[in-house]
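# Observations on the three-dimensional arrangement
In case you want the letters, here they are:
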Amino acid sequence: MRFVLSTALLFGQSVLAHYKWPALILDDVATPDYEYVRLNTNNINPIMDINSTDMRCNQGGLDSGPQTSTATVVAGDTIGFTLSNSISHIGPVVVYMAQAPGNPSDWDGSGEVFFKINEWGPDFSTGTIEWPQLGVMSYSFKVPPSVPDGYYLIRIEHIAVHNAANYGGCQFFIACGQVKVTGGGSGTPGPLVAFPGAYQSTDPGILFNDYYPPPTSYVIPGPPVWFE
Ligand SMILES: *[C@@H]1O[C@H](CO)[C@@H](O)[C@H](O)[C@H]1NC(C)=O
């Protein structure tokens, strides 16, 4: 009986061991939770409706801009996001930016405005698919050196594909930070995509079977990474 109970508890914990991205990392230091990242209302749970506006900045993320500060970052610098719990599902990490017309706190990020700046997929170097994302507690990436100065939403997501062989089974762990870029360049970021809209439930990286037959490739969802 005791064994059954503890098994149930363990199982419950593994189901609960999702994760969220609460803070920006600036100059290698984690900033306070939700100072520069928009607060979400679904705790550590994923978004699963690929057509929902929650795909943009997580649940609640379109309402929490006014309470969120905007961090100044220098183009070319490495910044990141913290995780509340380590990544416990297989799948890629993807980062986008979108230029706000003004104060990013007041902006909903609608329309075809997001460009991809970074992606981290699986490793096939051993001959089988492996996901080095498992266990990480943060993710860092470079702000593109030639991105124009201005205000941006910066959107990170982990796309969990452990159940993605089932239509609609993909899980999206999303957050939006608010940044002001200085020292930027004169690049023209693109391709620009909308959230929702950038992903379809049948995209090869979203309707995806990691198990059988063993995959020999993986197509990270969304447009190519922009770099100039
Ligand atoms: C999402 O929207 C697209 C385009 O309207 C539609 O084809 C698709 O069935 C929708 N997906 C879901 C899961 O509702």
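Keep in mind that what you see is a predicted model, and the values were worked out from it rather than measured.

## Quick notes on the confidence of the model for the chain
Predicted confidence across the chain gives a mean pLDDT of 94, with 93% of residues reaching 70 or more. Confidence drops under a pLDDT of 50 for residues 1-14, and excluding neighbours within four residues, the segment shows zero contacts in the predicted structure.

## Brief notes about the sheet that holds strand β7 (residues 138-142)
On the basis of which strands lie adjacent, the open sheet formed by four strands has the order β2-β1-β4-β7 and antiparallel pairing. Each end of this open sheet is capped by a strand with a single partner; those strands are β2 (29-30) and β7. Here strand β1 (residues 24-26) pairs with β2 via two bridges, running antiparallel. Counterpart to Leu26 in the pairing with β2 is Val29.

## Structural notes on the state of the cysteines
Summed over the entire model, instances satisfying the criterion amount to one disulfide. Put simply, Cys57 and Cys176 are joined by a disulfide, and their sulfur atoms are 2.1 Å apart. Its S-S torsion of about -80° marks the bond between Cys57 and Cys176 as left-handed, since a negative value means left-handed. Linking Cys57 in helix α2 (residues 54-57) with Cys176 in strand β9 (residues 171-182), this pair joins segments that are 119 residues apart in sequence. Like Cys57, the residue Cys176 is buried in the burial classification. The thiol sulfur of Cys170 is not disulfide-bonded, and the nearest other cysteine sulfur, from Cys176, lies at 18 Å. In this structure Cys170 comes out as buried when scored by relative accessible area, which is 2%.

Calculation notes
Residues numbered from 1 in each chain as written. Predicted model: local features only at pLDDT ≥ 70, side-chain atom pairs only at ≥ 80, totals over all residues. Heavy atoms only, no water. pLDDT = per-residue confidence, 0-100. Contact = heavy atoms within 4.5 Å. Pairing = 2+ DSSP bridges. Helix = DSSP H or I, 4+ residues; strand = E, 2+ residues; numbered from the N terminus. Disulfide = S-S within 2.5 Å. Buried < 20%, exposed > 50% of the residue type's maximum accessible area, 1.4 Å probe, protein only.

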